[in-house]
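Fold and contact review
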Amino acid sequence: MKNPDADSRRGFFWRASLAGRLLCGLTAAGEGSLSAQVNSPNFRYDLLVRGGRVVDPSQNLFDDRDVAITAGRIVQLGAGISESEARQVLNAKEKIVTPGLIDVHVHVYDGVAPLGIPADPNCVAKGVTTVVDAGSAGAHTFPGLRKYVIKAVDTRVYALLNISVVGQSTYSPDNPFGELLDLRYVNPRLTIKAIEQNRDTILGVKIRLTRNLAGEHDLRALGLAREAADAVKLPLMVHIGGSYSALQEILAMLKPGDVITHSFRGRDGGILDDKERVLPQVRAAVDRGVHLDVGHGAGSFSFDTAEKAFRQDLLPGTISSDLHQYNLNGPVFDLATTLSKFLYLGLTLPQVIERATANAARLFAFPQGLGTLRLGAEADVAVFSLEEGNFEFVDSVGARRTGHQKLVPVATVKSGRLYGSASIPVVSAS
Ligand SMILES: [Zn+2]
């Protein structure tokens, strides 16, 4: 998506600080860094990501490839493309190169929803080119999300509109009262109107059903969210766990294309019965086209639940972080760390990447062809190092596991523009 406010103050400062890092890197050009080249009108490509191991599940591709980019599009995906053909070259040898990651559950309404975080240092700087803000804003507060976040940041931000008009502005750990405790704040007519006016950025409806957020009238609130989602023909994302009503009753109200987030949570209201078997209603929902999303979060991902569900052949369709203020400094940190936890759990690298690229792109109707490195696609690329060692991972209930692989973001390309990560400087010729 073209950012109409690309020169906004925020965007400017982000890029300015990035430029500082780019310059620092000029003297440290080595493996995985970008080498500067002399400008020439003869260059065929703007940027060449060269020599990396490309993992692109959208085309069943797991091989060494060079990715050539011109005018913000993928224009070549081959082997042995000459460095001299590109104005900038990113040496990705021994790195993992994937489509730009898509995180379908984050909270980036920084400064309005108490859980909001700044998007750019946590998303585009860490391999995530596209995010879906999952309900931070409702009909009353969405205009601010659009104006001050979606149009102002470099990360590509879409939204699910909270069925409560106040969005997630009421809740913080010091004021633990959610947006649905008073159903007078649920107004499907206003929700529908806001979506109709912002169809370019709103991709669905979000509802949270935990008891301290939705009280005892969760099914009534869900019915109103259902009404709004059906009216605009968009999916409904439902945050499950700890609700007054049983998960089976919630699942019965979901339709094909809807999304359950926090699918592998550990406490009450999760997907396992008291004998730790996957509920038959969960399988039935998946069979009829309801998607299971991870939405790790501060309280919503349990290794134990995931291990038990995986042993019963129930895997998530998408892996998202639910990154926000209260998990940013652990246990979530970022999407790459969340993906690494699924490597620990036994998913292969392509399976993990698929759940944050191709599968995520199928979940919502993103206007561009995201989640793929196919020729002609938006030039969103993420570069990671896959580090080997002993890494301790912590879930949302404090359980620890030692994994042996960790994806660490190195650089990101969004619409052909290069971003470095905080950890590794890159050098730009431009
Ligand atoms: Zn969330």
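Analysis parameters
Residues numbered from 1 in each chain as written. Predicted model: local features only at pLDDT ≥ 70, side-chain atom pairs only at ≥ 80, totals over all residues. Helix = DSSP H or I, 4+ residues; strand = E, 2+ residues; numbered from the N terminus. Buried ≥ 20, exposed ≤ 12 C-beta atoms within 10 Å, placed from the backbone. Contact = placed C-beta atoms within 7 Å. Core = buried A, V, L, I, M, F, W, Y, C linked by C-beta atoms within 7 Å. Domains from an automatic or database assignment. Axes fitted to C-alpha atoms, helices over the stretch in contact; angles between N-to-C directions. Left-handed = near helix turned anticlockwise from the far one by under 90°. Nonpolar A, V, L, I, M, F, W, Y, C, P; charged D, E, K, R; others polar. Pairing = 2+ DSSP bridges. pLDDT = per-residue confidence, 0-100.

Looking only at helices and strands, the protein has twelve helices and 16 strands in total. Here the protein holds 430 residues, and the buried ones make up 55% of them. Contacts in the protein between residues at least 24 apart in sequence constitute 76% of all its contacts with a sequence separation of at least 6.

The residue after G330, namely P331, is reached through a cis peptide bond having omega 5 degrees. Relative to the helices and strands, P331 resides in the loop between α9 (303–311) and α10 (335–344). Here D313, not a glycine, exhibits a phi torsion of approximately 60 degrees, which is positive. Summarising the element assignment, D313 is placed in the loop between α9 and α10. The residue S415 is not glycine, and still its phi comes out positive at about 50 degrees. For S415, the location among the structural elements is in the loop between β15 (400–414) and β16 (417–420).

Assignment of secondary structure puts L181 in the loop between β9 (156–162) and α4 (188–197). A sequence separation of 36 residues divides L181 from H217, and the C-alpha atoms of the two residues are 8.2 Å apart.

V49, V132, A159, L161, V205, A225 and V383 are the most contacted members of the largest nonpolar core, which totals 125 residues. When residues are assigned to domains, this core turns out to be shared by domain 1 (9–99 + 376–386 + 405–420) and domain 2 (101–363), each giving three or more. The contact partners of V205, leaving out residues within four places of it in the chain, are L160, L161, I163, T191, A225, A228, A229, L234 and L236.

This part is about the packing of α4 against helix α6 (residues 218–232). Running from amino to carboxyl end, α4 crosses α6 at an angle of 30 degrees, the nearest separation of the two axes being 9 Å. The element α4 and its partner α6 pack so that their crossing is right-handed. Here P188, T191, I192, I195 and E196 of α4 lie close against α6, whose contacting residues are L224, E227, A228, A231 and V232. Each residue belonging to the contact of α4 with α6 can be placed in one class, and the counts come to seven nonpolar, one polar and two charged.

The next point concerns the sheet that holds strand β12 (residues 259–261). Spatial ordering of the open sheet is given by β7-β8-β9-β10-β11-β12-β13, a layout of seven strands whose pairing is parallel. Two strands bound the open sheet, and with one partner strand each, they are β7 (101–106) and β13 (291–292). Bridging between β12 and β13 involves two bridges; their strand directions are parallel. Paired with I260 across the bridge in β13 is L292.

Our next topic: the pairing of strand β2 (residues 45–56). Across the twelve residues of β2, eleven count as buried, placing the element largely inside the fold. Pairing of β2 with strand β5 (residues 86–91) involves five bridges; the strand directions are parallel. Counterpart to Y45 in the pairing with β5 is A86. Alignment of β2 against strand β3 (residues 61–70), held across eight bridges, turns out to be antiparallel. Bridge pairing in β3 places L48 opposite A68. Here β2 hands over to β3 after four residues, with N60 in that stretch at a positive phi of 50 degrees.

Residues of β16 alternate between two faces, with R417 and Y419 on one and L418 and G420 on the opposite face, all of them buried. As paired strands, β15 and β16 are joined by four bridges and run antiparallel to one another. Note that in β16 the partner of V413 across the bridge is L418. Counted along the chain from β15 to the antiparallel partner β16, the turn is two residues long, and its residue S415 has a positive phi close to 50 degrees.

When pLDDT is averaged across the protein, the result is 90; 88% of the residues are at 70 or more. Confidence drops under a pLDDT of 50 for residues 1–32, and excluding neighbours within four residues, the segment shows 45 contacts in the predicted structure. Considering only residues more than four positions removed or in separate chains, one finds that residues 422–430, a stretch of pLDDT under 50, has 34 contacts.

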